[in-house]
Amino acid sequence: MKATCWMGPNRMQVREVPDPKILNQRDCIVKITSTAICGSDLHLYNGFLPMMEPGDILGHEFMGEVVEVGNRVSNLKIGDRVVVPFPIACGNCGACEAGATSLCENSNPNAYVAEKMLGHSPSGIFGYSHLTGGFAGGQAEYARVPFADVGPLKVPEELTDEQVLFLSDILPTGYMGAEMCGIQPGDTIAVWGCGPVGLFAIASAYMLGAEKVIAIDRFDYRLKRAREQAGAITINYTEVDNIPDVLKDLTAGRGPDHCIDAVGVEGHTHGLQYVHDRAKQALRMQTDRPIALREAIMSCRNGGTVSVIGVYTGLIDKFPMNAVMNRSLTIKTGQCHVHRYMQPLLERIQRGDIDPTFVISHRLPLDQAAHGYKIFNEKLDGCEKVVLKA
Ligand code: NAD
Ligand code: ZN
Ligand code: ZN
């Protein structure tokens, strides 16, 4: 089959690789019809995650048709059309039973190494380095889906791939970002980052009752989409001196009720240095630039929530704990527990509360995945979200 492989930083290549096989009786094999490139894939593209090996198959946002099922998967059959959540979760451990599937304790065979190396052990994740288990991803013609009795969601025939594909990751992620804020009617929410995740955070904040959402980015075409498609008020951060001051001006001097960081590691890669901390045997990141997360903390009104859905790798220096403590802020964060949001968000799509296709800017054949990565990473050609058709 054809698959998008990581061959080194900035080197993605569609190559011929062996077809996946059932390895465990709780697996299924999905023939992929649509898959997407995520902002998280850009961290691999840019070489921010260790434990990638040339030839690793990328992709954690995918859907398609079940073509093979293991003996112990009784809820799926050949021919079912499914969308697959990015965290791989067993369904039986304490974390899974609590609905925190991105913390599944049984799905990442390399959890111990991940914890030693970076201080965290997420669940297994498709196509996301050996740190998260080394599972082959779904930017390919076929994928093996472990714990297929737990993850894949069957989708109704009347919905198109593009309407449901983002249930795999970014729609639940944006929604969780807004939900973690505990929004009350009338609240003002600020969102850093107008990538696809930020756009879904804006749309979700409105769905959950926000009165006003203010969105921040540096790309005018993305800010335009945030205004016109998601209803945000926008700020181009390259055109203002100080984001917290501008946000205070827009909120009667108090700051936004809650702040969402939908940027992550990209927010401080300018001027970034990796430092190897010998004592901790870990990588540490250092930068002196204002970063999205710090701005979110410094802008948030007293008692508000800073919800962090942008992905961080390594440690962040100069974290303003003084502001967090003295202003009674709450910080909430996590890899999205996608499983818990799929069915309720599917129902919202069916009711017409949200049409997730508004984030798509590019539809490309799988063969052109490398081009998709380049334009998404460099924000070329108005790129907001790339969907690949296998
Ligand atoms: P993206 O690269 O398309 O969007 C990031 C946006 O942030 C860009 O538009 C960029 O211009 C903007 N940005 C950069 N620095 C900024 C700053 N200082 N202030 C304001 N905006 C800034 O990526 P995406 O697909 O939207 O993903 C966003 C983040 O969400 C990534 O870190 C990704 O890894 C993460 N993510 C997390 C989860 C999760 O489970 N928590 C799931 C999916 C994606
Ligand atoms: Zn993702
Ligand atoms: Zn589990």
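Please read these numbers as outputs of a predicted model, since none were measured by experiment.

1. A few points about the overall build of the protein
Regarding its fold elements, the protein presents 12 helices and 21 strands. Seen through its C-alpha atoms, the protein measures out along the principal axes to roughly 60 × 55 × 45 Å. Within the span of the protein, comprising 390 residues, buried residues form 51% of the whole. Across the protein, contacts joining residues at least 24 apart in sequence account for 72% of those joining residues at least 6 apart.

2. Here's the deal with the UniProt feature "domain: Alcohol dehydrogenase-like N-terminal" (unreviewed entry) in the protein
When the UniProt feature table is mapped onto this chain, "domain: Alcohol dehydrogenase-like N-terminal" (unreviewed entry) is found at residues 26–153. Along residues 26–153 one finds 15% helix and 26% strand; the C-alpha atoms at either end are 15 Å apart.

3. Some words on the nonpolar core
Among the nonpolar cores identified, the biggest contains 122 residues, and Val30, Val191, Ala201, Ile202, Ala215 and Ile260 are the most heavily contacted of them. For this core, the leading source of residues is helix H6 (residues 196–207), giving 7 residues. For this core, the domains that each give at least three residues are domain 1 (2–169 + 336–389) and domain 2 (173–333). When residues no more than four places from it in sequence are discounted, the contact partners of Ile202 are Val191, Val213, Ala215, Ala226, Ala230 and Ala232.

4. Describing the pairing of strand S6 (residues 81–84)
In terms of strand pairing, strand S5 (residues 61–69) meets S6 through 4 bridges, oriented antiparallel. Considered in S6, the bridge of Glu65 is made with Arg81. Alignment of S6 against strand S10 (residues 153–154), held across 2 bridges, turns out to be antiparallel. Bridge pairing in S10 links Val82 to Lys154.

5. A short note on the sheet that holds strand S4 (residues 56–57)
Taken in spatial order, the 3 strands make up an open sheet running S2-S1-S4, and their pairing is antiparallel. Only two strands of the sheet have a single partner each, and these edge strands are strand S2 (12–16) and S4. One ladder, built from 5 bridges, connects strand S1 (residues 2–6) with S2; its direction is antiparallel. Across the sheet, Trp6 pairs through a bridge with Met12, a residue of S2. Set on the sheet, helix H12 (residues 369–378) makes contact with S1 and S2; between it and S2 the angle comes to about 165 degrees.

6. Looking at the site of ligand 1
In the region of ligand 1, 33 residues are neighbours, and Gly39, Gly193, Gly195, Gly264 and Val311 sit closest. Broken down by secondary-structure element, the contributors of at least two residues to the shell around ligand 1 are helix H1 (39–45), helix H5 (170–179), H6 and strand S12 (212–217). Here the residues of the shell around ligand 1 sort into 17 nonpolar, 11 polar and 5 charged. Composition of the shell around ligand 1 by domain shows at least three residues from each of domain 1 (2–169 + 336–389) and domain 2 (173–333).

7. Focus: the sheet that holds strand S13 (residues 233–236)
With parallel pairing, 6 strands are arranged side by side in an open sheet as S13-S12-S11-S14-S17-S19. Bordering the open sheet on either side are S13 and strand S19 (330–333), each of which pairs with just one other strand. This sheet shows a mean twist of 20 degrees between the axes of neighbouring strands, independent of strand direction. Its contacts with the sheet place H6 against strand S11 (188–192), S12 and strand S14 (258–261), and it is angled at close to 170 degrees to S12.

8. A word on the domain arrangement of the protein
Under the domain assignment, the protein is made up of domain 1 (2–169 + 336–389) and domain 2 (173–333). Between domain 1 and domain 2, the C-alpha centre-to-centre distance is 25 Å. Each partner contributes residues to the interface: domain 1 has 20 residues there, and domain 2 has 19 residues. Of all the secondary structure elements, the ones that give two or more residues to the side of domain 1 that touches domain 2 are H1, helix H3 (111–118) and helix H11 (338–351). Top contributing element to the side of domain 1 that touches domain 2 by residue count: H1, with 3 residues.

9. Topic: the packing of H5 against H11
Where H5 meets H11, the closest approach of the two axes is 9 Å, and the angle between their N-to-C directions is 100 degrees. If you check the angle between H5 and H11, you find them roughly perpendicular. From H5, Leu171, Pro172, Tyr175 and Met176 reach across to H11, where they touch Val338, Tyr341, Met342 and Leu345. The class makeup of the residues in the contact of H5 with H11 is 8 nonpolar, no polar and no charged.

10. With respect to the environment of Glu295
Structurally, Glu295 is set in helix H9 (residues 292–299). Given 23 C-beta atoms within 10 Å, Glu295 falls into the buried group. Distance from Glu295 to Cys259, taken between C-alpha atoms, is 9.3 Å for residues 36 residues apart in sequence.

11. Focus on the packing of H5 against H6
Between H5 and H6, the shortest axis-to-axis distance is 7 Å and the interhelical angle comes to 50 degrees. Judged by the inter-axis angle, H5 sits oblique to H6. Regarding H5 and H6, the two cross each other, and that crossing is right-handed. Residues Ile170, Leu171, Thr173, Gly174, Tyr175, Gly177 and Ala178 of H5 lie in contact with H6, whose contacting residues are Pro196, Val197, Phe200, Ala201, Ala203, Ser204 and Ala205.

12. Focus on H5
With 9 of 10 residues buried, H5 is to be regarded as a mostly interior element. Regarding H5, the residues found buried are Ile170, Leu171, Pro172, Thr173, Gly174, Tyr175, Met176, Gly177 and Ala178. Looking at the packing, one finds that the buried side of H5 touches H6, S14, strand S17 (305–308) and H11.

13. Digging into the environment of Ala36
Along the chain, Ala36 turns up in strand S3 (residues 28–36). Residue classification places Ala36 among the buried positions, given that 28 C-beta atoms sit within 10 Å. Non-local contacts of Ala36, meaning those with residues more than four positions away in its chain, are made with Glu61, Leu165, Lys385, Val386, Val387 and Leu388.

Conventions we followed
- Residues numbered from 1 in each chain as written.
- Chains lettered and ligands numbered in written order.
- Predicted model: local features only at pLDDT ≥ 70, side-chain atom pairs only at ≥ 80, totals over all residues.
- Helix = DSSP H or I, 4+ residues; strand = E, 2+ residues; numbered from the N terminus.
- Buried ≥ 20, exposed ≤ 12 C-beta atoms within 10 Å, placed from the backbone.
- Contact = placed C-beta atoms within 7 Å.
- UniProt positions renumbered as here; feature names shortened; annotations may be inferred.
- Core = buried A, V, L, I, M, F, W, Y, C linked by C-beta atoms within 7 Å.
- Domains from an automatic or database assignment.
- Pairing = 2+ DSSP bridges.
- Axes fitted to C-alpha atoms, helices over the stretch in contact; angles between N-to-C directions.
- Near = placed C-beta within 6 Å.
- Nonpolar A, V, L, I, M, F, W, Y, C, P; charged D, E, K, R; others polar.
- Parallel < 35°, antiparallel > 145°, perpendicular 65-115°, else oblique.
- Left-handed = near helix turned anticlockwise from the far one by under 90°.

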